[in-house]
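Results of the structural survey
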Amino acid sequence: MRAQVGDRLHVYGRHVGSPEKVGRIVEVRGDDGSPPYVVRFEDGHEALLFPGPDAVVEHPSEQQKG
């Protein structure tokens, strides 16, 4: 997984009925865009995350294409 500041992190619900979370990556602490990431979620909460298999990085250029 690779990201840069400004990308979105989309964390899908792990169980049926679990909410999805979407946040903006505000800091990349790993080498070459690797985790951990500091993410600011839509509700204003910030967290240091090591995303798992239930998460994807969405790059702004990919969002504009779709």
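Residues numbered from 1 in each chain as written. Predicted model: local features only at pLDDT ≥ 70, side-chain atom pairs only at ≥ 80, totals over all residues. Heavy atoms only, no water.

Broken down by element type, the chain carries one helix and five strands. Reading the chain from its N end, one meets helices and strands in the order β-β-β-β-β-α. Against the globule reference of 11 Å for 66 residues, the chain gives a C-alpha radius of gyration of 12 Å, in line with a compact fold. The principal-axis extent of the C-alpha atoms belonging to the chain is close to 35 × 30 × 25 Å. Across the 66 residues of the chain, 32% fall into the buried class. Long-range contacts, defined as pairs at least 24 residues apart, comprise 39% of the intrachain contacts of the chain with a sequence gap of at least 6. Taken as a whole, the chain presents about 4,600 Å² of accessible surface, with 48% of it coming from carbon and sulfur. Seen as two clouds, the 8 positive and the 11 negative side-chain charges of the chain have centres 1 Å apart. (Helix = DSSP H or I, 4+ residues; strand = E, 2+ residues; numbered from the N terminus. Rg over C-alpha atoms; globule rule 2.2 N^0.38 Å. Buried < 20%, exposed > 50% of the residue type's maximum accessible area, 1.4 Å probe, protein only. Contact = heavy atoms within 4.5 Å. Areas by Shrake-Rupley, 256 points an atom, 1.4 Å probe, with all protein chains shown as cover. Lys, Arg positive; Asp, Glu negative; His and termini not counted. Charge placed at Lys NZ, Arg CZ, Asp CG, Glu CD.)

So, on to the environment of Pro-36. Here Pro-36 shows up in the loop between β2 (21-28) and β3 (37-41). Given a relative accessible area of 13%, Pro-36 falls into the buried group. Those residues in contact with Pro-36, other than ones at most four positions away along the chain, are Glu-27, Val-28, Arg-29, Gly-30, Leu-48, Leu-49 and Phe-50.

Listed in full, the 10 residues of the largest apolar core are Ala-3, Leu-9, Val-11, Ile-25, Tyr-37, Val-39, Phe-41, Ala-47, Ala-55 and Val-57. Contributing elements (two or more residues each) for this core: β1 (8-11), β3 and β5 (55-58). Top contributing element to this core by residue count: β3, with three residues. Dropping the residues within four chain positions of it, Phe-41 is found in contact with Lys-21, Val-22, Gly-23, Ala-47 and Leu-49. (Core = buried A, V, L, I, M, F, W, Y, C linked by side-chain atoms within 4.5 Å.)

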